[in-house]
Amino acid sequence: MLEQLATQDPSRLSADALDGIIKEGRAEAVARAMDGGQVRAGLIIAAGYERALARGEKIGCFGLTEPDFGSFAQGMRTRAERRGDGWLLNGTKAYVTNGYISDLAVMTAVSDPRASRNNRISMYLVDLNVESVQRKKLNKQVWIPSDLPRIEFDQVFVPREALMGEAGQGLQ
C-alpha cells in the first residue's frame, strides 16, 4: 500500500510512512517504481534525510553561487570527476543561505567541461559534516540575519547515488 501511494503521489506520504519504507529496506523499490524501473539517483539518499529535514532536526541548503562568477552558472568552476563508484567534488560556493548551519547541500558542479553549455552541470546531494568540507563565515555588513558562508569542497567523495537526476542535466 505504501509503495503504491509513494509511486502514485509521493507528496501524500507522511514523514513516518517514509521512515517506515526506509527502515524496512523498501526505498529502492519505491525509487524504481517512481522512475519507471530505473533508480532515481539521489532519491534513496534524500529519503534518508527526509524525516529529519521535515522535522527540523537537519537543515539543508542549495549551492550554486561561486566567488568569481556569482550565480552565472556557465562560469562555474566547481568540478565533479567520476571516481570509482562515485564522484570527487572540488571547488567553492559562496553566499549559501544557511550553509554554515546546514547538514546537507544540494550542490551544482561541472561534471563534463567538454559538453555543451546546457549539458555540463550536474547536481549532487552532499553531506556537509565531513572533514573535507570547510565552511567560512563571511564578514558582511548587510543582511545580518542571514547566514551566508563560503563552502569549500576539497576532494569530497560522494557516492554515485548522490547524483540527482542524470549527469549533465543539473539545470534542466
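Summary of the structure given here. (Residues numbered from 1 in each chain as written. Predicted model: local features only at pLDDT ≥ 70, side-chain atom pairs only at ≥ 80, totals over all residues. Heavy atoms only, no water.)

## Topic: the environment of Asn90
Along the chain, Asn90 falls in strand β3 (residues 86–93). In this structure the C-alpha to C-alpha distance between Asn90 and Ala109, which are 19 residues apart in sequence, comes to 8.5 Å. A polar contact of 2.6 Å, which involves the side chain of Asn90, links it to the backbone nitrogen of Gln155. (Helix = DSSP H or I, 4+ residues; strand = E, 2+ residues; numbered from the N terminus. Polar contact = N/O pair within 3.5 Å; in protein donor to acceptor, adjacent residues only side chain to side chain.)

## As for unusual backbone geometry
With phi around 55°, Tyr95 is a residue other than glycine that occupies positive phi space. Residue placement: Tyr95 occurs in the loop between β3 and β4 (104–110). The phi dihedral of Gln155 is positive, around 60°, even though this residue is not glycine. Relative to the assigned elements, Gln155 resides in strand β7 (residues 150–159).

## Examining the pairing of strand β2 (residues 79–83)
Pairing between β2 and β3: 5 bridges, direction antiparallel. Paired with Ala80 across the strands is Leu89, a residue of β3. Hairpin connection, β2 to β3: the antiparallel pair is bridged by 2 residues, and Gly84 has positive phi, about 55°. (Pairing = 2+ DSSP bridges.)

## Quick look at the environment of Ala105
Examined against the element boundaries, Ala105 turns out to sit in strand β4. With relative accessibility at 3%, the residue Ala105 sits in the buried group. C-alpha of Ala105 to C-alpha of Asp127: the two residues are 22 residues apart in sequence and 6.6 Å apart in space. (Buried < 20%, exposed > 50% of the residue type's maximum accessible area, 1.4 Å probe, protein only.)

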